[in-house]
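# A look at the structure
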2 protein chains.
Amino acid sequence: MEVSIDAIGNVVGLWCGGKTDRSLPPVMTGSHIDTVKSGGRFDGNLGVLAGLEVIKVIKEQNISTKHPIAVSFFTGEEGSRFAPDMLGSLVYVGGLDLETALSTISVDGKRLGSELEAIGYNGTAPCPGTTPKIFLELHIEQGPILESEGIDIGAVENVQGISWTELTIKGQSNHAGTTPMRMRRDAGYVAAKISTFVRDLSNEMGGTQAGTVGKIDLVPNLVNVVSSKATMTVDLRNTSELMLQEAENRLAIFCEGIASQEDVEITRKSLARFEPVEFNHQLVDQVFVTAQNLGYSTKRMTSGAGHDAQMLSRVCPAAMIFVPSKDGLSHNPAEFTSIEEVAAGANVLLHLIVDAAEEYR
Amino acid sequence: MEVSIDAIGNVVGLWCGGKTDRSLPPVMTGSHIDTVKSGGRFDGNLGVLAGLEVIKVIKEQNISTKHPIAVSFFTGEEGSRFAPDMLGSLVYVGGLDLETALSTISVDGKRLGSELEAIGYNGTAPCPGTTPKIFLELHIEQGPILESEGIDIGAVENVQGISWTELTIKGQSNHAGTTPMRMRRDAGYVAAKISTFVRDLSNEMGGTQAGTVGKIDLVPNLVNVVSSKATMTVDLRNTSELMLQEAENRLAIFCEGIASQEDVEITRKSLARFEPVEFNHQLVDQVFVTAQNLGYSTKRMTSGAGHDAQMLSRVCPAAMIFVPSKDGLSHNPAEFTSIEEVAAGANVLLHLIVDAAEEYR
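Let me sum up the structure you'll find in this document. The model shown is predicted, which means the values in this text are computed figures rather than measured ones. (Residues numbered from 1 in each chain as written. Chains lettered and ligands numbered in written order. Predicted model: local features only at pLDDT ≥ 70, side-chain atom pairs only at ≥ 80, totals over all residues. Heavy atoms only, no water.)

### Points about the interface of chain B and chain A
- Taken together, the 62 residues of chain B in the interface contact 62 residues of chain A.
- Summed over both sides, the interface between chain B and chain A buries roughly 5,200 Å², with carbon and sulfur atoms accounting for 56% of that surface.
- At the junction of chain B with chain A, the criterion picks out 2 salt bridges.
- Residue Arg199(B) is joined to Glu262(A) by a salt bridge in which the shortest nitrogen-to-oxygen separation is 3.2 Å.
- Linking chain B to chain A there are 24 residue pairs in polar contact (both at pLDDT 80 or more). (Contact = heavy atoms within 4.5 Å. Buried area = accessible area lost by both parts, 1.4 Å probe. Salt bridge = Lys/Arg side-chain N within 4 Å of Asp/Glu carboxyl O. Polar contact = N/O pair within 3.5 Å; in protein donor to acceptor, adjacent residues only side chain to side chain.)

### Remarks on the pairing of strand β1 (residues 2–5) of chain B
- Summarising the sheet, β1(B) and strand β2 (residues 11–15) of chain B pair through 4 bridges and their orientation is antiparallel. Bridge pairing in β2(B) links Ser4(B) to Val12(B). (Pairing = 2+ DSSP bridges. Helix = DSSP H or I, 4+ residues; strand = E, 2+ residues; numbered from the N terminus.)

### Side note on helix α7 (residues 241–262) of chain A
- Under the 1.5 Å per step criterion, the end-to-end length of α7(A) is 31 Å for 22 residues, consistent within 8% with the ideal 32 Å.
- Of all the positions in α7(A), only Glu241(A), Leu244(A), Ala247(A), Leu251(A), Ala252(A), Cys255(A), Ile258(A), Ala259(A) and Glu262(A) are classed as buried. With its buried residues spanning 140° around the axis, α7(A) presents them on a single face. Turned more than 90 degrees away from the buried face of α7(A) sit Leu242(A), Ile253(A), Glu256(A), Ser260(A) and Gln261(A), all of them exposed.
- Contacts made by the buried residues of α7(A) are with β7 (161–170), α6 (187–205), β12 (229–238) and β13 (265–274) of chain A together with α6 (187–205) of chain B.
- Taking the backbone nitrogen of Leu242(A) as reference, a side-chain oxygen 3.3 Å away marks Ser240(A) as the first, capping residue of α7(A).
- Two residues or fewer after α7(A) comes Asp263(A), characterised by a positive phi angle close to 55°. (Expected span 1.5 Å × (residues − 1). Buried < 20%, exposed > 50% of the residue type's maximum accessible area, 1.4 Å probe, protein only. Arc of directions from axis to C-beta.)

Dropping the structure here:
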């Protein structure tokens, strides 16, 4: 394959057979190879390795296609170190300008551009990148639905909208033994109240509403000191943009109320905000039908997680193929999908790619 | 002064005048010089520096006493790095054996004995140390009472009991977008629920009951991952042992309930547990009367914080002198007591020490 690296570290491997027309847009598949700190082996990597496996099969079987085929992996999909998540694919499609992206500062205080230079992944391919004919992404579900319903393949028709907010709460540090309860301005207590509110809000709104406080950092974080400061994140998701805004508004109102009640100052910063995404209907249908034709049980479904495919869907028809996650586990070292389940997903991907790339028969 | 360092790093400076009988137990004053991470300049240091100032005055004024006078500072009073708090004075009075104390592991994974060696404070003086005739400690109040009531000197008659518990909550890490709310085993959410419970419990019990969650550490502590683990501390205080036990019991029951409800595992570890302490009544009266005779407004009061004096009270008559804290602030860089307030406290300390050491007139 012809491998290129662009200025934000996205890697694209291009496959052209002897009869391929290089002037045509490539059929692209891919995903990401970064993980969260406590991640598993399948999230992201599956889609990249399956793409390479597809190329291997095409080569071995001497399949010849009209369109080039591209396998890509995009920088910083998880957003664990550099926010927002899906940063590489966002830059690839022109949704974020390169300079802003390179200037992003990581949670450990490093500049993305400098970190890319340090590992030699500040490439020369242009950003935004080539617009593909279509984009397909094979991914583990990262949730319990396919497994619990005994379904082989998920044809992903949409993605939940994502809203990440960082809240900084400023109170007053004081001695835990000598400060009467009524005189406290405890940033840690306020963080805890917001955390339980996020759960209550999600339960009350129901539907696809999800809410998570995954990160809380107290200052000075000591057993006998009332916290002067708390930094926390709130992750809200919904398939409906209207409902997602409703959740955001109710969080903001709650923060105002508790800040006033507990005499603390709360500042908000948006870390990431993506509206819900609808994938290309025709391509989703093709995923569904191809899986059915290959004998797999199939289901149309929503993705609760964000994926690079939703960024690519801004510039070309895009869709996703889901395979089951054991016990619904992901972002966890115990993440697992069997070889048979992986093979089913890769097989659907192969057929879709060969069709889209217009095989010479 | 003759300075000795004992095996746990406690430092004692001994002052003997020409007519002092070295065979008699010393009158001891002192405090600690360690601070919390975000501490101020007065907590602990005031009592040590005031003790040295007392010796300076005694020397300058050629005051001669029958008993030696000792000024000490004790290792690790705050417990910020090595639990329990008041560790040095606890070892000094024989309340914790030396080997156990030296084997204590810090929050950053270091052994106390090795850290003392590294700074040359693994001394040769024996532990437990010499039993003083009496022990007096001058300290800032660290609370708002003296200032708000316009009182110069607090004669501390008792200390709240302290119960520090570390809770470790084990849930399951999972993807924040794809895991339905009802299927979560979110250790961070449970930590937040416990934190708000501790506040509610303290408010409901009222009286001197205080409750603080000052430390919460989530794992993996990422915006888009449901926490697999949370470690947190609970600091409970009450002047009544019975009420303190009540608070501990109610916390334990709440933890059992929420663990079952949220399908997480909660383990508890006691980091420190001290019963409420009554200081020597006669000595407290002497503090009160001495302050009054010197023209200061005075008040009998409770200490909400633990102090080295409560450890010394196990082996000799002990009491404390409080001076006001501006805005009640402590464990905070803004901690402040004016030079006049400090001088009043040191003056009371001087007169009490000279009396107890039996001045030759």
